[in-house]
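# A closer look at the structure
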Number of protein chains: 2
Amino acid sequence: MSDVIEPPEDARHPTVREEEVRAGTVDLLGAIAYGALTAYERLAQDGAGAPTLADKVTLATMSGRQVHHLERVRDRLAELGADLMGAMEPFHRAFDDFHAHTRPKDWLEGLMWVYVGSGFADDFYAEVAVTVDPATRALVEDVLSDTRHDDFVVEHVRAGIEADPRVAGRLALWGRRLVGEALSQAQRVAVDRVGLTALLMGAEGVDVVAVNKTFSRLVGHHAARMRRLGLQP
Amino acid sequence: MSDVIEPPEDARHPTVREEEVRAGTVDLLGAIAYGALTAYERLAQDGAGAPTLADKVTLATMSGRQVHHLERVRDRLAELGADLMGAMEPFHRAFDDFHAHTRPKDWLEGLMWVYVGSGFADDFYAEVAVTVDPATRALVEDVLSDTRHDDFVVEHVRAGIEADPRVAGRLALWGRRLVGEALSQAQRVAVDRVGLTALLMGAEGVDVVAVNKTFSRLVGHHAARMRRLGLQP
């Protein structure tokens, strides 16, 4: 069901490139939606172990934002004539595996999971969203710019390291594990979902060198986040 | 911190009744906020066991609504010069006990928990919200009228009973348990929180007969919900 797209209004036959962009747009929205759903679940679980009620409320608002993103993406998919469930389906495995391989062991690892994992995913979406239609692009940019809780995470992780400097080494390793797993799943998605990769690459087609450049940028952004947390990338 | 209210702008000394209404308003908002937070947590837990991904998405949007309510109430409390954490504090015990004593054993019990438990709480807030200031009242009415997911619950519970009529007896008992526990916690709150009860009673003061009438209405609404689910109240 994921690729059922309404024909364009002028009813001319869409070009192969147009078909690719449409399929890629549905893929992008499906990935964002499923990513938001699973991030919501992770945040809800982490919130249950929050050290204070105030932290619990913050985690609840963070997970509420993920639901809001999911709802907006679902509505955009409906406008494109695509079904949310079908659009999310191709990304179950990548996100489910990512979650299965990155279970936070405590509150600080959970906070880092959100910041590092969602940050990576958002950067990936931003790379892909360059070629999509203006309405989808505006939605994606709006969702990605919702970084209002980054400061909360950074402050808490920095305070946690200050309170017990020994955790820094473990959290640095945890950050590397998160990005390693994220890269591995992103590679899988890039290989499996031609439409998505076509968005990423533009009209020139898939190119290993260009994919690699994209991934280098993603790693660079990740390193910046780790430094902001006070951790060795 | 729950009762820190800004002095009225005209700086005349507020009457005892005005003080009562202010304290009661903060109590009401605190109860709604903590109720929303705990309902969000329950829905997030139930969502993890949803039978389909579509059901999981619906539960996520339901829990997202609870977070939205929490945020709106927090903002209103801030306008009243009151702190969210302090306002919620007097209601920890009632809600935590309610949750501890009503753990759904399966998906259908979880859905009923939402519909019956939140329905009861909303009716209770509606009884109390009669005396509050217009801005708070508008907010509470808006939050309470957010019943967009009732149909989802009713359809699923009815379908569950149709698929296996033997569950009807167990679910009817479950409904009675839910309302019994809700009444018990509401009684506790009515006794403990004079400001809240003063809202409920109006200027004439607390009156056992009037409290009892209120509770009779709450039970009546509960019975209507049970019948809508196809269950013996």
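Described below are features of the structure shown in this document. (Residues numbered from 1 in each chain as written. Chains lettered and ligands numbered in written order. Predicted model: local features only at pLDDT ≥ 70, side-chain atom pairs only at ≥ 80, totals over all residues. Heavy atoms only, no water.)

### Quick word on the overall build of chain A
Inclusion rule: By definition, any uninterrupted DSSP run of H or I lasting at least four residues is a helix, any uninterrupted run of E lasting at least two residues is a strand, and each is numbered from the N terminus. Only C-alpha atoms enter the radius of gyration; for comparison, a globular chain is expected to reach 2.2 Å times N to the power 0.38, where N is the number of residues. Partly exposed describes any residue whose relative accessible area lies between the buried limit of under 20% and the exposed limit of over 50%, with all areas from a 1.4 Å probe on protein chains only and scaled to the type maximum. In what follows, residue pairs with any heavy atoms lying within 4.5 Å of each other are defined as contacts. Note that His is not counted, nor are the chain ends; the positive residues are Lys and Arg, and the negative ones are Asp and Glu. Here the site of a charge means atom NZ of a Lys, CZ of an Arg, CG of an Asp or CD of a Glu.
On a plain count of helices and strands, chain A comes out with ten helices and zero strands. When the elements of chain A are put in sequence order from the N terminus, they spell out α-α-α-α-α-α-α-α-α-α. In terms of C-alpha radius of gyration, chain A reaches 18 Å, essentially the compact-globule figure of 17 Å for 233 residues. Within the span of chain A, comprising 233 residues, buried residues form 54% of the whole. For chain A, contacts bridging at least 24 residues in sequence account for 82% of all contacts bridging at least 6. Separation of charge centres in chain A, based on 26 positive and 36 negative side chains, amounts to 6 Å.

### Brief notes about the nonpolar core
In plain terms, the rule: In plain words, nonpolar cores are sets of buried Ala, Val, Leu, Ile, Met, Phe, Trp, Tyr and Cys residues tied together by side-chain atoms within 4.5 Å.
Ranked by internal contacts, the top residues of the largest apolar core, which has 148 residues, are A:Leu28, A:Leu229, B:Leu28, B:Tyr125 and B:Leu229. Once residues within four sequence positions are removed from consideration, B:Tyr125 is found in contact with B:Leu28, B:Ala31, B:Ile32, B:Gly35, B:Phe95, B:Val140 and B:Leu144.

### Let's talk about the pattern of salt bridges
The line we're drawing: A carboxyl oxygen of Asp or Glu within 4 Å of a side-chain nitrogen of Lys or Arg is what we treat as a salt bridge.
Scanning all chains against the criterion turns up 34 salt bridges over all chains. One salt bridge in this structure joins A:Arg42 and A:Asp46, with 3.8 Å as the shortest N-O distance. Here the residue A:Arg42 and the residue A:Asp46 both occupy positions in helix α1 (residues 16–48), the gap between them amounting to four residues, near one helical turn. Of the residues examined, A:Arg42 reaches a relative accessible area of 6% and is grouped as buried. In this structure, the salt-bridge partner of B:Asp133 is B:Arg76, at a minimum N-O distance of 2.8 Å. With B:Asp133 in the loop between α5 (107–128) and α6 (134–144) and B:Arg76 in helix α2 (residues 53–79), this pair connects stretches of sequence that are 57 residues apart.

### So, α2(B)
Residue and element names in this part refer to chain B. The criterion, for reference: Working rule for helices: expected span equals 1.5 Å times residues minus one. Definition of a polar contact: a pair of N or O atoms within 3.5 Å, with one able to donate and the other able to accept a hydrogen when the atoms are protein atoms, and with sequence-neighbouring residues admitted only if both atoms are side-chain atoms.
The end-to-end C-alpha separation of α2 is 39 Å, in line with the 39 Å expected for 27 residues at 1.5 Å each. Of all 27 residues in α2, 19 are buried, a share of seventy percent or more. The N-terminus of α2 is capped by Thr52, whose side-chain oxygen sits 3.4 Å from the backbone nitrogen of Ala54. Gly81 sits one or two residues past α2 and shows a positive phi near 75°.

### As for the relation of the copies chain A and chain B
The following threshold applies: When the copies are superposed, the least-squares fit takes in the C-alpha atoms of residues with a pLDDT of at least 70 in both.
Note on the copies: chain A fits chain B at an RMSD of 0.0 Å, the axial shift is 0.0 Å, and the rotation between them is 180°. As the rotation angle and translation indicate, the two copies are arranged about a two-fold axis. Residue A:Gly64 of chain A places its C-alpha closer to the rotation axis than any other residue of that unit, at 2.4 Å. Residue by residue, 100% of the interface of chain A is reproduced at the interface of chain B, so both copies engage with the same surface.

### Some thoughts on the interface of chain A and chain B
Put simply, the rule reads: Put simply, buried area is the surface a 1.4 Å probe can reach on two separate parts but cannot reach once they are joined, added for both. Residue classes follow a fixed rule: Ala, Val, Leu, Ile, Met, Phe, Trp, Tyr, Cys and Pro count as nonpolar, while Asp, Glu, Lys and Arg count as charged, and any other residue, Gly among them, counts as polar.
Residue-level contacts link 24 residues of chain A with 24 residues of chain B. Interface area for chain A against chain B, summed over the two sides, is near 1700 Å², with a carbon-plus-sulfur share of 75%. Considering only the side of chain A, the residues that lose the most area to chain B are A:Tyr40, A:Leu53 and A:Val57, jointly responsible for 28% of the buried surface there. Joining chain A to chain B, the criterion identifies two salt bridges. Measuring nitrogen to oxygen at the nearest pair gives 3.1 Å for the salt bridge that ties A:Lys56 to B:Glu41. Applying the counting rule to chain A against chain B returns four residue pairs in polar contact (both at pLDDT 80 or more). Of all the elements in the fold, those that place two or more residues in the side of chain A that touches chain B are α1, α2 (53–79) and α3 (84–88) of chain A. At 13 residues, α2(A) tops the list of elements feeding residues into the side of chain A that touches chain B. Its residues assigned to classes, the side of chain A that touches chain B shows 16 nonpolar, four polar and four charged.

### A short note on the packing of aromatic side chains
All names here are of chain A. What counts, and what does not: Here is the rule: rings of Phe, Tyr and Trp (six-membered ring for Trp) pair when centre to centre is within 6.5 Å. Planes less than 30 degrees apart are stacked, more than 60 are edge-to-face, and the remainder are tilted. To sit over a ring, a charge needs its Lys NZ or Arg CZ within 6 Å of the ring centre and within 35 degrees of the ring normal.
As enumerated under the stated definition, the model contains four aromatic pairs over all chains in all. With a centroid separation of 5.9 Å and 45° between ring planes, the pair formed by Phe98 and Trp113 is classed as tilted. Of this pair, Phe98 sits in helix α4 (residues 92–101) while Trp113 sits in helix α5 (residues 107–128); the two residues are 15 residues apart in sequence, bridging distant segments of the chain. Here Phe98 and Trp113 have matching classes, each one buried. Between the NZ or CZ atom of Arg42 and the centre of the ring of Trp113, over which it lies, the distance is 5.5 Å.

### Topic: the packing of α1(A) against α2(B)
Here is the rule: For helices, the fitted axis covers only the stretch in contact; all axes are lines through C-alpha atoms, and the angles between them, taken along N-to-C directions, range from 0 to 180 degrees. Here a crossing is called left-handed whenever its near helix is offset anticlockwise from the far helix by less than a right angle, and right-handed whenever the offset is clockwise.
Between α1(A) and α2(B), whose axes approach to 11 Å, the crossing angle comes to 60°. The element α1(A) and its partner α2(B) pack so that their crossing is left-handed. Residues A:Tyr34, A:Leu37, A:Tyr40 and A:Glu41 of α1(A) form the contact with α2(B), whose own contacting residues are B:Leu53, B:Lys56, B:Val57, B:Leu59, B:Ala60 and B:Ser63. Grouping the amino acids of the contact of α1(A) with α2(B) by side-chain chemistry returns seven nonpolar, one polar and two charged.

### With respect to α5(A)
Over its 22 residues, α5(A) extends 31 Å from the first C-alpha to the last, a length consistent with the 32 Å expected when each residue adds 1.5 Å. The buried fraction of α5(A) amounts to 20 of the 22 residues, a majority that puts the element mostly inside the structure.

### Digging into the side chain of A:Lys56
Residue placement: A:Lys56 occurs in helix α2. A polar atom in the side chain of A:Lys56 sits 3.1 Å from the side chain of B:Glu41. Once you skip the residues sitting within four places of it in the chain, A:Lys56 turns out to touch A:Gly47, A:Ala48, A:Ala50, B:Leu37 and B:Glu41.

### Some thoughts on the packing of α5(B) against helix α8 (residues 167–192) of chain B
Residues and elements named next belong to chain B. The contact between α5 and α8 brings their axes to 10 Å, and the two run at 35°. As for the relative orientation of α5 and α8, their crossing is right-handed in sense. Here α5 contributes Leu108, Glu109, Met112, Trp113, Val116, Phe120 and Phe124 to the contact with α8, which in turn contributes Val167, Arg170, Leu171, Trp174, Gly175, Leu178, Val179, Ala182, Leu183, Ala186 and Val189. Residues that form the contact of α5 with α8 fall into these classes: 15 nonpolar, one polar and two charged.

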